[in-house]
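Residue-level listing of the chains:
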Amino acid sequence: MKSRSRPALYAAAALALAAGSASAQEVVLKFHHIWPTAAMAPQKVIGPWCDKIAAESNNRMRCQLLPAMSGGGTPPQLVDRVKDGVDDLVVTLPGYTAGRFPRMEVFELPFMVSSAEQGAQASWDYYQKHAKEEFPGTKILATWVHDPGFVHTSSKPVNKLEDFRGLKMRAPTRQTNKLLGKLGATPVGMPVTGVADALSKGTIDGYVLPWEVIPAFKLHEMSKYHTETDPGHPALYTAGFIFAMNQAKYDSLPADLKKVIDDNSGAQLSRQIGKVWDESRPAARKLAEARSNNFIQLSPAETDRWVKASDSLYQEWVRDLENRKLPGKEMLKDARDLLAKYKGDAAKK
């Protein structure tokens, strides 16, 4: 066998050196989201996750954080920005793009979910079975819902169903818009980032939101009344979140960095995030209490009236899915069964 020529050896060495440099090169992931830096989600979910992947990759992989939509675009565009590789990572609400992700909307139907942790576990399992096709070009790292959503108004209290008449109420998703319409309000769809401005201008009279996000946008300072449904019922509504990564970016990573991502995603991450959302609720609520805002607790009987008023939304969702040639009844049953399973798990703790 002939020995390799010196130029060939030099070329091989150069290639090996280049490969080693590439594998050691730092990977920077552009992480875009809707919240201001001091909000709960960046502080307790996004920041810790980024710290963890940096530590586990020996600082070969880190996040470049782009809070409060500082990377450009609008909240509804985040699902396409991550799919198209404009952003590497996002946390967003698929429901901001009305009707585009109907399969995952099931967890946004009224009076379905009791806690964010329960909804996170159920939505991850459901996503694995029914909704992967909704996110082409995207690797979903976690799914969850926020803590229970309630009604908040600036000038008129909502003590009963009839009080919705004449109110213009902000809603985050297609299903919550439909819910508010069923309850008698005039729904106005918008991301949470637009609520403060809409309240100050009188474009809306109130909004539906969970407690978690209210302090981040100082909405407790712009609201006088907070109406909470009976705690013995599932939440009035929840909205679903995804933690998403550009698939091509993930595919471009070396195997050991892929493993870091894999080890920090999936069912356990989803559940952990849901738990963080649940735990955020009391502290956020106390800020509204400190302002001597008015709290209205609906009775079980009045909550039942709201349940009855919105009951037709389930069949409307099923029909919508079946019109898209999807098994809507089966999907609704699977969602309910998973929620029942994980509610039971929580009760055993």
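For the structure, check the block above.
Residues numbered from 1 in each chain as written. Predicted model: local features only at pLDDT ≥ 70, side-chain atom pairs only at ≥ 80, totals over all residues. Heavy atoms only, no water.

Mind showing me how you'd approach the packing of helix H5 (residues 174–183) against helix H10 (residues 300–310) here?
Two quantities define a packed helix pair, namely the angle between the helix axes and the distance between the axes. For the pair H5 and H10, interaxial distance at closest approach is 9 Å and the crossing angle is 115 degrees. If you check the angle between H5 and H10, you find them roughly perpendicular. When you trace H5 past H10, the crossing you get is right-handed. For the pair H5 and H10, the contacting residues are Leu 179, Lys 182 and Leu 183 in the first and Trp 306, Ala 309 and Ser 310 in the second. Broken down by class, the residue content of the contact of H5 with H10 amounts to 4 nonpolar, 1 polar and 1 charged. (Axes fitted to C-alpha atoms, helices over the stretch in contact; angles between N-to-C directions. Helix = DSSP H or I, 4+ residues; strand = E, 2+ residues; numbered from the N terminus. Parallel < 35°, antiparallel > 145°, perpendicular 65-115°, else oblique. Left-handed = near helix turned anticlockwise from the far one by under 90°. Contact = heavy atoms within 4.5 Å. Nonpolar A, V, L, I, M, F, W, Y, C, P; charged D, E, K, R; others polar.)

Where do I start with the pairing of strand E1 (residues 27–32) in this structure?
Every other side chain in a regular strand lies on the same face of the sheet, so the side chains alternate between the two faces. Both E1 and strand E2 (residues 61–66) contribute to a ladder of 6 bridges, which runs parallel. When the bridges of E2 are listed, Lys 30 appears paired with Gln 64. This β-α-β element, E1 to helix H2 (residues 40–56) to E2, shows right-handed connectivity. Strand direction decides the pairing type here: E1 and strand E3 (residues 89–92), joined by 2 bridges, are parallel. Paired with His 32 across the strands is Val 90, a residue of E3. (Pairing = 2+ DSSP bridges. Right-handed = clockwise from strand over helix to strand, strands pointing away.)

Sorry if this is basic, but what is going on with the pattern of salt bridges here?
Where charged atoms of side chains with opposite charge meet at close range, the side chains can pair. Throughout the structure, instances matching the rule amount to 24 salt bridges. A salt bridge links Glu 162 to Arg 305; the nearest nitrogen and oxygen atoms lie 2.5 Å apart. Pair noted here: Glu 162 is in the loop between strand E5 (149–153) and strand E6 (168–171) and Arg 305 is in helix H10, with a separation of 143 residues, a long-range link. Owing to a relative accessible area of 29%, Glu 162 belongs among the partly exposed residues under this scheme. Its salt-bridge partner being Glu 316, residue Lys 182 comes within 2.8 Å of it at the nearest N-O pair. Note that Lys 182 is positioned in helix H5 and Glu 316 in helix H11 (residues 312–323), a separation of 134 residues in sequence. Among the charged side chains, a network of salt bridges with common partners joins Asp 80, Lys 83, Asp 84 and Arg 100. (Salt bridge = Lys/Arg side-chain N within 4 Å of Asp/Glu carboxyl O. Buried < 20%, exposed > 50% of the residue type's maximum accessible area, 1.4 Å probe, protein only.)

How do you make sense of the environment of His 226 when you look at a structure like this?
Here His 226 is to be found in strand E9 (residues 225–228). For His 226, a relative accessible area of 0% translates into the label buried. Sequence separation of His 226 and Ala 288 is 62 residues, and the distance between their C-alpha atoms is 8.8 Å. If we skip the residues at most four places from it in the chain, His 226 touches Val 151, His 152, Trp 211, Ala 288, Asn 293, Asn 294, Phe 295 and Ile 296. At 2.8 Å, the side chain of His 226 forms a polar contact with the side chain of His 152. (Polar contact = N/O pair within 3.5 Å; in protein donor to acceptor, adjacent residues only side chain to side chain.)

Help me out: how do you make sense of the sheet that holds strand E4 (residues 138–145) in this one?
Strands belonging to one sheet form pairs held by backbone hydrogen bonds; the direction of such a pair is parallel or antiparallel. With respect to topology, 5 strands assemble into an open sheet ordered E2-E1-E3-E10-E4, the strand pairing being mixed. Edge positions in the sheet fall to E2 and E4, since each has one partner strand and no second. With direction set aside, neighbouring strand axes in the sheet form an average angle of 20 degrees. Here helix H9 (residues 267–290) sits on the sheet in contact with E4 and strand E10 (240–246), set at roughly 35 degrees to E4.

What's the story with the sheet that holds E5 in this structure? I'm lost.
Strand order across the open sheet formed by 6 strands is E7-E6-E8-E5-E9-E11, with mixed pairing between neighbours. Each having just a single partner strand, strand E7 (186–189) and strand E11 (294–297) make up the two edges of the open sheet. Across the sheet, the mean angle separating the axes of adjacent strands is 30 degrees when strand polarity is ignored. As judged from the 2 bridges shared by E6 and strand E8 (residues 206–210), these two strands associate in the parallel manner.

Help me understand the packing of aromatic side chains in this model?
The geometry of an aromatic ring pair is captured by two quantities: the separation of the ring centres and the angle between the planes. Applying the stated rule across the entire model yields 14 aromatic pairs. Here the aromatic rings of Phe 164 and Trp 306 are separated by 5.1 Å at their centres, their planes lie at 65 degrees, and the arrangement is edge-to-face. Of this pair, Phe 164 sits in the loop between E5 and E6 while Trp 306 is found in helix H10, placing the two residues 142 residues apart along the sequence. Classification of Trp 306 as buried rests on a relative accessible area of 0%. (Phe/Tyr/Trp six-rings, centres within 6.5 Å; stacked < 30°, edge-to-face > 60°.)

I'm lost on the state of the cysteines in this one. Help?
In protein structure, a disulfide is the covalent linkage between the sulfur atoms of two cysteines. Enumeration according to the criterion identifies 1 disulfide in this entry. Bridging Cys 50 to Cys 63, the disulfide has an S-S length of 2.2 Å. Across the S-S bond of Cys 50 and Cys 63 the torsion is about -90 degrees, and the bridge reads as left-handed. Of the two residues, Cys 50 sits in helix H2 while Cys 63 sits in strand E2, which places them 13 residues apart along the sequence. Judged by relative accessible area, which is 6%, Cys 50 ranks as buried. Given a relative accessible area of 12%, Cys 63 falls into the buried group. (Disulfide = S-S within 2.5 Å.)

Help me understand the nonpolar core, please; the structure alone is not making it clear to me.
General note: in soluble globular proteins, nonpolar side chains tend to be found buried as a group. Of all hydrophobic cores here, the largest spans 105 residues; its most connected members are Trp 35, Trp 49, Phe 243, Trp 277 and Trp 306. Dropping the residues within four chain positions of it, Trp 35 is found in contact with Ala 41, Pro 42, Ile 46, Pro 67, Ala 68, Val 91, Glu 212, Val 213, Phe 217, Phe 241 and Trp 277. (Core = buried A, V, L, I, M, F, W, Y, C linked by side-chain atoms within 4.5 Å.)

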